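Structure assessment
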Amino acid sequence: MRVVWSDLHRRHDPPEEVEAGERQPMREHPGRVEQILDALRADRGFELVLPAGSGRDPIDAVHDPAMVDYLEIAWHEWSAAAGRDLAIPDVFLHPRLHDGMDPPSEPQSPLGRLGYWCFETTTPMVEGTYAAARAAVDCAVTATQLVLDGGGRAFALCRPPGHHAAHAVFGGYCFLNNAAIAAQHASDAGAGRVAILDVDYHHGNGTQQIFYARRDVLYVSLHGDPARAYPYFTGHAGERGSGEGTGTTLNLPLPSGCDDTGFLAALERGLGAVVDHGAEILVVSLGLDTWRGDPLGDLALSTGGFADCGAAVRSLGLPTTVVLEGGYAVGALGQNVVAWLRGLDGRAPEHS
Ligand code: SP5
Ligand code: ZN
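Residues numbered from 1 in each chain as written. Chains lettered and ligands numbered in written order. Predicted model: local features only at pLDDT ≥ 70, side-chain atom pairs only at ≥ 80, totals over all residues. Heavy atoms only, no water.

Neighbouring ligand 1 are 15 residues, the closest being Glu-19, Gly-172, His-202, Asp-289 and Tyr-328. Here His-164 contributes a side-chain N or O atom positioned 3.3 Å from a nitrogen atom of ligand 1. Here His-202 contributes a side-chain N or O atom positioned 3.1 Å from an oxygen atom of ligand 1. Here the shell around ligand 1 is composed, by residue class, of 6 nonpolar, 6 polar and 3 charged. (Near = heavy atom within 4 Å. Polar contact = N/O pair within 3.5 Å; in protein donor to acceptor, adjacent residues only side chain to side chain. Nonpolar A, V, L, I, M, F, W, Y, C, P; charged D, E, K, R; others polar.)

Turning our eyes to something else, we now look at the packing of aromatic side chains. Scanning the model with the defined rule gives 5 aromatic pairs in all. Between Tyr-70 and Trp-117, the ring centres sit 6.2 Å apart and the planes meet at 20°, which makes this aromatic pair stacked. Separated by 47 residues along the polypeptide, Tyr-70 in helix 3 (residues 65–82) and Trp-117 in helix 4 (residues 110–117) bring together distant segments of the chain. The two residues Tyr-70 and Trp-117 agree in class, both being buried. (Phe/Tyr/Trp six-rings, centres within 6.5 Å; stacked < 30°, edge-to-face > 60°. Helix = DSSP H or I, 4+ residues; strand = E, 2+ residues; numbered from the N terminus. Buried < 20%, exposed > 50% of the residue type's maximum accessible area, 1.4 Å probe, protein only.)

Another point: the coordination of the zinc ion (ligand 2). Between any two of four tetrahedral donors, the ideal angle at the metal is 109.5 degrees; between two of six octahedral donors, it is 90 or 180 degrees. Within the first shell, the zinc ion (ligand 2) binds the protein through Asp-200 (OD), Asp-200 (OD), His-202 (ND1) and Asp-289 (OD), at distances of 1.9 to 2.8 Å. Written as a sequence motif, the donor residues of the zinc ion (ligand 2) are D-x1-H-x86-D. Taken together, the residues Asp-200 in the loop between strand 6 (194–198) and helix 7 (205–210) and Asp-289 in the loop between strand 9 (281–286) and helix 9 (303–314) connect sequence positions 89 residues apart. The burial state of Asp-200 is the same as that of Asp-289; both residues are buried. (Donors = N, O, S within 2.8 Å, 3.2 Å for Na, K, Ca; no water.)

What follows deals with the pattern of salt bridges. Evaluated as defined, the whole model comprises 15 salt bridges. One salt bridge in this structure joins Asp-43 and Arg-342, with 2.6 Å as the shortest N-O distance. On the criterion of sequence distance, the pair formed by Asp-43 in helix 1 (residues 31–43) and Arg-342 in helix 10 (residues 330–345) is long-range, its members being 299 residues apart. Taken individually, Asp-43 and Arg-342 each receive the classification buried, so the pair is uniform in this respect. Between Asp-69 and Arg-56 there is a salt bridge whose closest N-O contact spans 2.9 Å. One end of the pair, Asp-69, is in helix 3; the other, Arg-56, is in the loop between strand 4 (47–49) and helix 2 (57–60), and 13 residues separate them in sequence. Classification of Asp-69 as partly exposed rests on a relative accessible area of 41%. Via salt bridges that share partners, Asp-43, Arg-342, Asp-345 and Arg-347 belong to a single interconnected network. (Salt bridge = Lys/Arg side-chain N within 4 Å of Asp/Glu carboxyl O.)

Turning our eyes to something else, we now look at the state of the cysteines. Applying the stated rule across the entire model yields 0 disulfides. The thiol of Cys-139 is not disulfide-bonded; the next cysteine sulfur, from Cys-158, is found 5.5 Å away. Among the cysteines around Cys-309, which has no disulfide bond, Cys-258 carries the closest sulfur, lying 9.7 Å off. (Disulfide = S-S within 2.5 Å.)

Within the secondary structure layout, Phe-233 lies in the loop between strand 7 (217–224) and strand 8 (249–254). On the accessibility criterion, Phe-233 (74% relative accessible area) is exposed. Along the chain, Phe-233 and Arg-314 lie 81 residues apart, while their C-alpha atoms are 32 Å from each other.

Now for the side chain of His-63. Secondary-structure assignment places His-63 in the loop between helix 2 and helix 3. A distance of 2.8 Å separates a polar side-chain atom of His-63 from the backbone oxygen of Ala-166. In this view, His-63 contacts Val-68, Ala-165, Ala-166, His-167, Phe-175, Leu-176, Asn-177, Ile-181 and Ile-210; residues no more than four positions away in its chain are not counted. (Contact = heavy atoms within 4.5 Å.)

Further remarks concern the layout of surface pockets. Approximately 1100 Å³ is the volume found for the largest pocket. Around the largest pocket, the lining is made up of 42 residues, and of these Phe-119, Glu-120, Tyr-230, Pro-231 and Phe-233 lie nearest the centre. Listed by contribution, the elements that provide at least two residues to the lining of the largest pocket are strand 2 (16–19), helix 4 and helix 7. Here the residues of the lining of the largest pocket are counted per class, giving 21 nonpolar, 13 polar and 8 charged. (1 Å grid on protein atoms, 1.4 Å probe; cavity = no way out; pocket = protein on both sides within 12 Å on 5 of 7 lines; lining within 4 Å. Points joined across faces, edges and corners; volume = space filled by probe spheres on them.)

Right, here's the structure in full:
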């Protein structure tokens, strides 16, 4: 299987994030990709390739171009105004702020502008953040193009991740929605009906929103129930899509402690929806933060469970692009990615 990666991810390396009101070391850091690369190389079953530059068009096809323009200059503008080099918003555009008044417009202040486009505090920007985010998109688009050209499967080793980035707002460690851009790229290339399967621990609010009213793109997500899990505001079972897209969003919220058996049962439901949709191509948002030792999650999947998940997705027989999302237990991240991808590749687990 081919793996598309870029070392430009290293340029996004903020030292800290603000989680639950505390500064702490950034969980979404370059070591994640280094660990995965080591495991992929050791396996010898993967061919590492670099991305082609895909330009702005596939990005502007899913995001507000004004947000992308902003991301390009955000760090420079904010850091100059704030006199600091780690850009984290301290004010946010809340939807009720303008109740009973004219709708908001983009603020003129650089300090206000960051909170207009970003929705939370765990998504700091540094000077190289935009370059890294663009390279992650290039990885996703290149991997999808490999799948469109040759069938089969490819893995986009994207960092920063993408599924929390919505049409016109970013957050959740995400700036540009790699998986949504991949899915739209496939659709624009004439691939037909597209399905996105999101197995990250967190609900992919951005991906859901981008395709919420679309009938041709199915979004299926397995995740920690938003009653207890970030991003809290989306991912309830009752969210099913809107307008002609009603029924092409499927949320499968999971209880704390959900193990391999419970997750695989929900995955079978999700795969059934992919089949019923008549999908001709699949994009997987692969988060490994469902692992039992992950510091951000509370599910209980094992490494062997990941192999079973990959094998279950393989059984669909669809051309498939797998896009990396979360996973923060860095010591186990490489083995977990390899297990999942070996399952997708139809290869036996490493130690059995
Ligand atoms: C791509 C991805 O996995 N993004 C996740 C972003 C989560 N950032 C905020 C997490 C805040 C929740 N804190 C719960 C702590 C549990 N120990
Ligand atoms: Zn996640």
